[in-house]
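Secondary and tertiary structure notes
Below are the chains, spelled out letter by letter.
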Amino acid sequence: MTDTQLLESMLKLQQKLNDDTNGTGWENGYTKDGKLISWRRCIYMECAELIDSFAWKHWKNIAAPTKWENVRLELVDVWHFILSLLLEEYRNKRDLNFIAMELSSINVFKDFCKEKGTPSDNDMYAIVNDIELIIHKCSGFGFDLGELLAAFFVVAIKCGLNLEELYKIYIGKNVLNAFRQTHGYKDGSYKKLWGEREDNEILNEILKSEWDYETIYQKLEQIYRAL
């Protein structure tokens, strides 16, 4: 697939996930249950979780190495919410190809499509600062979608992601999010801890050998039922 087709595919999957989770018409700002939706708040709260993936605390685990796989998973969580924000912002357009083209026009996107780099713990503080810039772009006044997207791509590149890798991990996390919803995530009955590991860790193991949507879902189902 082309770069634009990868973006369009993710937008399509995000639209379906949001429709299934929130009901059709969620783009107008409310779920089918009448709950207010704030994708910008979702983004900056998820960014706060992302920061906690780093050993930024000067009083605790100061030499702990960064778990880059987990960092990339958290980044993909942020990406879910950015895609949702895009679908909301362009709700009157209803053209996923147009949105994908707008995404690909961001200057940093060209660098994001190159070979993925190798992140370093030495860059931790610079990356945390860049994540905080995303928070600022979402929580302040004068919101600019293009600046938000550029800030995200910069962080993603520094954390060892490129478009192809983002797409692969996104597929897996989209499956897990759909799985969570099917198994009671919204009403609180879903068990995020599978034995001694979180479901994200289980997903990471599956993604080492599987990228097919249905196969990933089936493997999650088998493991979850066996708990």
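Residues numbered from 1 in each chain as written. Predicted model: local features only at pLDDT ≥ 70, side-chain atom pairs only at ≥ 80, totals over all residues. Heavy atoms only, no water.

Brief notes about helix 6 (residues 124-139)
Each α-helix winds once per 3.6 residues, and so residues spaced three or four apart point in a common direction. The criterion, for reference: Helix and strand definitions here come from DSSP, where helices need a minimum of 4 consecutive H or I residues and strands a minimum of 2 consecutive E residues; each element is numbered from the N-terminal end. Expected helix span is given by 1.5 Å per residue-to-residue step, counting one fewer step than there are residues. Only protein chains enter the calculation, and the probe is 1.4 Å; a residue is then buried if its accessible area is under 20% of its type maximum, exposed if over 50%, and partly exposed in between. Working definition: the arc comes from the directions between the helix axis and the C-beta atoms, pointing outward to the latter. Residues are treated as being in contact if the distance between any of their heavy atoms lies within 4.5 Å.
Taking 1.5 Å per residue, 16 residues should reach 22 Å; helix 6 reaches 23 Å between its end C-alpha atoms and fits that length. Within helix 6, the full set of buried residues consists of Met 124, Ile 127, Val 128, Asp 130, Ile 131, Ile 134 and Cys 138. Burial along helix 6 is one-sided: seen end-on, the buried residues are contained in an arc of 160°. Helix 6 presents Tyr 125 and His 136 as exposed residues on the side facing more than 90 degrees away from its buried surface. On its buried face, helix 6 is in contact with helix 2 (39-51), helix 3 (68-89) and helix 7 (145-158).

Details of the pattern of salt bridges
Convention followed: Each reported salt bridge corresponds to a side-chain nitrogen of Lys or Arg within 4 Å of a carboxyl oxygen of Asp or Glu.
Throughout the structure, instances matching the rule amount to 10 salt bridges. A salt bridge links Lys 137 to Glu 147; its shortest N-O distance comes to 2.8 Å. Linking Lys 137 in helix 6 with Glu 147 in helix 7, this pair joins segments that are 10 residues apart in sequence.

Regarding the environment of Ala 226
Within the element layout of this structure, Ala 226 appears in the segment after helix 10 (213-225). We classify Ala 226 as exposed; its relative accessible area is 63%. Taking the C-alpha atoms as reference points, Ala 226 and Ile 51, separated by 175 residues in sequence, lie 33 Å from one another.

A look at the environment of Glu 198
Among the structural elements, Glu 198 can be located in strand 2 (residues 197-198). Owing to a relative accessible area of 36%, Glu 198 belongs among the partly exposed residues under this scheme. Distance from Glu 198 to Trp 56, taken between C-alpha atoms, is 22 Å for residues 142 residues apart in sequence. What Glu 198 contacts, discounting residues up to four positions off in sequence, is Lys 192 and Leu 193.

Here we look at the packing of aromatic side chains
Counted only if it meets this: Between the rings of Phe, Tyr and Trp (Trp by its six-membered ring), a pair exists once the centres lie within 6.5 Å; its type follows the angle of the planes, with under 30 degrees stacked, over 60 edge-to-face, and the other angles tilted. Only lysine NZ and arginine CZ atoms are considered, and such an atom sits over a ring when it is within 6 Å of the ring centre and within 35 degrees of the ring normal.
Applying the stated criterion across every chain, the model contains 18 aromatic pairs. Measuring from ring centre to ring centre gives 6.0 Å for Trp 39 and Phe 81, while their planes differ by 35°; the resulting arrangement is tilted. Linking Trp 39 in helix 2 with Phe 81 in helix 3, this pair joins segments that are 42 residues apart in sequence. The exposure class of Trp 39 is buried, given its relative accessible area of 7%. Taken together, a centroid distance of 5.4 Å and an interplanar angle of 90° make the contact between Phe 179 and Tyr 224 edge-to-face. Of this pair, Phe 179 sits in helix 8 (residues 163-182) while Tyr 224 sits in helix 10, and the two are 45 residues apart along the sequence. Here Phe 179 falls in the buried class, since its relative accessible area comes to 0%. When the ring centre of Phe 98 is taken as reference, the NZ or CZ atom of Lys 93 above it lies at 4.5 Å.

Considerations on a nonpolar patch on the surface
Heads up, the rule is: Patches were defined on residues exceeding 30% relative accessible area and lacking a salt bridge, with like-charge contacts within 9 Å and nonpolar side-chain contacts (Val, Leu, Ile, Met, Phe, Trp, Tyr) within 5 Å. Surface accessibility follows the Shrake-Rupley procedure with a 1.4 Å probe radius. Residue values consider only the protein chains on display as shielding.
A cluster of nonpolar residues, Trp 56, Trp 59 and Tyr 125, forms a patch on the protein surface that exposes about 390 Å² of accessible area. Relative to the elements of secondary structure, Trp 59 occurs in the loop between helix 2 and helix 3. What makes Trp 59 exposed here is its relative accessible area of 54%.

Observations concerning the packing of helix 1 (residues 3-22) against helix 8
Operational definition: To obtain an axis, a line is fitted to C-alpha atoms, over the contacting stretch when the element is a helix, and the angle between two such axes runs from 0 to 180 degrees between their N-to-C directions. Angles below 35 degrees are treated as roughly parallel, those above 145 as roughly antiparallel, those between 65 and 115 as roughly perpendicular, and all remaining angles as oblique. Charged residues are taken to be Asp, Glu, Lys and Arg, nonpolar residues to be Ala, Val, Leu, Ile, Met, Phe, Trp, Tyr, Cys and Pro, and polar residues to be all remaining types, Gly included.
It is at 11 Å that the axes of helix 1 and helix 8 come closest, and there the two elements cross at 10°. The pairing of helix 1 with helix 8 is recorded here as roughly parallel in orientation. On helix 8, the residues touching Asp 3, Leu 6, Leu 7, Ser 9, Met 10, Leu 13, Gln 14, Leu 17 and Thr 21 of helix 1 are Leu 163, Leu 166, Tyr 167, Tyr 170, Ile 171, Asn 174, Asn 177, Ala 178 and Gln 181. Split into classes, the residues belonging to the contact of helix 1 with helix 8 amount to 11 nonpolar, six polar and one charged.

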